[in-house]
Every structure is written in C-alpha cells, then in structure tokens.
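What follows is each chain in one-letter form.
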Amino acid sequence: MQRSFVRRTAVGVLLAGSVGACQTFVPVDARAVSEGTAVRVTLTPEEAARQAEAIGELTQRVEGRVTAAENGSAGLPLTIPSRGSTPASTARFNTFVSVPWDGIRTVEEKRFSWARTGLLAAVGAVATVVILSVTEGSSEGGPGEGPGENSDLRIPLFTLHR
C-alpha cells in the first residue's frame, strides 16, 4: 500500500516538473511587436521618471502587453498590471501607458523556452528517481517488524475505489 502511494507521489512530482512551462525574454525590434504580445520594456532613466506616477513606482523595467495604438500615438502603447500604493492606482486592475520611442532602450518579447522547460523536466525526473530509490530501499521491513511495530504514518492524498 505504501509503495503505491510513493509511486503516485513520484509520478506527480515528475508531471509537475514536466508540465510547468518556462518563459524567457528575447530582444526584438521595438516597432515590430504586434498587438497582444507580452513584452518587457527597458526605459531610459528620464522616461522612467516621467512614467513613475502612471506605473505606480519608479522603475526602468516594465512588463505588460502591447495594445492597439491610439490615433496620433507616437510610441509603444502598453497595458501593465496596476502597482503602487495610491488609492487611484490600487482601484484599477491595469494601467495604460504610451511610451515614446525615444524613451525606450530595449524591448524584449516573452516566449516559450524549450531549454528551460527541458531542464525543469530533467530535474523532475532525477528527483523522481531519487525519491523512488530511497523509498524502495527503506520500505522493506526487517525480520522482527510486525503489524503494530511499523512507525510509518500513512496519509493518502486520494483513493480510487472500483
């Protein structure tokens, strides 16, 4: 019974490690990003100071999504998660900012990373093998161990009945 619990736990650890997708930011041309793209923008110090009130904090790196450009917009339109401690900034879920092109140092697009996800899956597989090898070796009872002498405590996460 304990062996099946350990195997279910090990399989769960392996699946959690292999299903979690890792993201990475890749530098792209600022004017080439399309609407709806998740980006990280590095601002110039002057632009960071100008945008501090709208963003809710003084920061040079801003993460958000590119939105549709307004008529006459001479910059990169972004929707960012609302931050800050002012009542006006906490009442909103998202903040819209338009960053002028000359206030942008770099634009990075958020993309799926096969390498990071593969590394996470490999770490999950190694952890599963280690857990199984440790528990398989320690689950064997000694010759004097009877039904009431086992010190292990079973806490099943779920049970399937037929």
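Right, let's walk through the structure included here. (Residues numbered from 1 in each chain as written. Predicted model: local features only at pLDDT ≥ 70, side-chain atom pairs only at ≥ 80, totals over all residues. Heavy atoms only, no water.)

1. Digging into the nonpolar core
Alright, step 1. Formed by 16 residues in total, the largest nonpolar core has its most connected members in Val 39, Val 41, Leu 43, Leu 76, Leu 78 and Val 107.
Alright, step 2. Elements with a contribution of two residues or more to this core: β2 (38-43), α2 (45-55), β3 (61-66), β4 (75-81), β5 (94-100) and β6 (104-112).
Alright, step 3. Apart from residues no more than four positions distant in its own chain, Val 107 is found in contact with Val 26, Pro 27, Val 28, Ala 30, Val 33, Val 39, Arg 40, Val 41 and Leu 76. (Core = buried A, V, L, I, M, F, W, Y, C linked by side-chain atoms within 4.5 Å. Buried < 20%, exposed > 50% of the residue type's maximum accessible area, 1.4 Å probe, protein only. Helix = DSSP H or I, 4+ residues; strand = E, 2+ residues; numbered from the N terminus. Contact = heavy atoms within 4.5 Å.)

2. Quick notes on the sheet that holds strand β1 (residues 23-28)
Alright, step 1. The strand order across the open sheet formed by 6 strands is β1-β6-β2-β3-β4-β5, and the pairing between neighbours is antiparallel. Two strands in the sheet have a free side with no partner beyond their single neighbour: β1 and β5. The mean angle between the axes of side-by-side strands here comes to 40°, regardless of whether they run parallel or antiparallel.
Alright, step 2. Judged from the 2 bridges that link them, β3 and β4 form a sheet pairing that is antiparallel. Bridged to Arg 65 within β4 is Thr 79.
Alright, step 3. Across the sheet, α2 is in contact with β2, β3, β4, β5 and β6; its angle to β5 comes to roughly 155°. (Pairing = 2+ DSSP bridges. Axes fitted to C-alpha atoms, helices over the stretch in contact; angles between N-to-C directions.)

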